[in-house]
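A closer look at the structure
This is what each chain is made of:
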Amino acid sequence: MSVIAQVFVVVAGVFHVAVFVLESVLFRKPATYRRFLVKDDAEMTAARPWAFNQGFYNLFLAVGALGGLVWGGDKGHAIALFACACMAGAGIVLVASDRRMVRAAATQAVPPILALVLAAVL
């Protein structure tokens, strides 16, 4: 895998670690839950269990991407790229489910898509 593709894998992985922190650690803060279109404390209380769980999904994807790079070789890179494909798919599902989330979906999906494309062509 080219170095530039690896850079985008790292960007995607670090982004997903940051989202894990927002969803699983900091979600109870109004400034955080409002980023996810949650309006108030009552909605936050209802959404907190799924946000906590979703945060761990993001962490596991990040571990796959970053861990695959650390592992290296064909198998490690395949794991990293599979994690990137999952990240890209999740970003597409996010924007398809709610057009207001287009910025978040692009932030989530563009780095792993670039990693996949660059890995395929370089």
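Residues numbered from 1 in each chain as written. Predicted model: local features only at pLDDT ≥ 70, side-chain atom pairs only at ≥ 80, totals over all residues. Heavy atoms only, no water.

Each helix and strand counted, the protein chain has five helices and zero strands in total. In summary, the protein chain has a C-alpha radius of gyration of 15 Å against a globular reference of 14 Å for 122 residues, a match within 12%. Residues counted as buried form 39% of the 122 residues belonging to the protein chain. For the protein chain, the share of sequence-separated contacts (at least 6 apart) that also reach a separation of at least 24 residues comes to 62%. (Helix = DSSP H or I, 4+ residues; strand = E, 2+ residues; numbered from the N terminus. Rg over C-alpha atoms; globule rule 2.2 N^0.38 Å. Buried < 20%, exposed > 50% of the residue type's maximum accessible area, 1.4 Å probe, protein only. Contact = heavy atoms within 4.5 Å.)

Another aspect to go through is the packing of helix α1 (residues 3-25) against helix α5 (residues 102-121). When two helices pack together, their arrangement is given by the angle between their axes and by how far apart the axes lie. Put simply, α1 and α5 touch, their axes get as near as 8 Å, and they point 155° apart. Classified by the interaxial angle, the pair formed by α1 and α5 is roughly antiparallel. Like other packed secondary-structure pairs, α1 and α5 cross with a definite hand, here left-handed. Residues Ile4, Ala5, Phe8, Val9, Val11, Ala12, Phe15 and His16 of α1 lie in contact with α5, whose contacting residues are Thr107, Gln108, Pro111, Pro112, Leu114, Ala115, Leu118 and Ala119. A breakdown of the residues in the contact of α1 with α5 according to their chemical character gives 13 nonpolar, three polar and no charged. (Axes fitted to C-alpha atoms, helices over the stretch in contact; angles between N-to-C directions. Parallel < 35°, antiparallel > 145°, perpendicular 65-115°, else oblique. Left-handed = near helix turned anticlockwise from the far one by under 90°. Nonpolar A, V, L, I, M, F, W, Y, C, P; charged D, E, K, R; others polar.)

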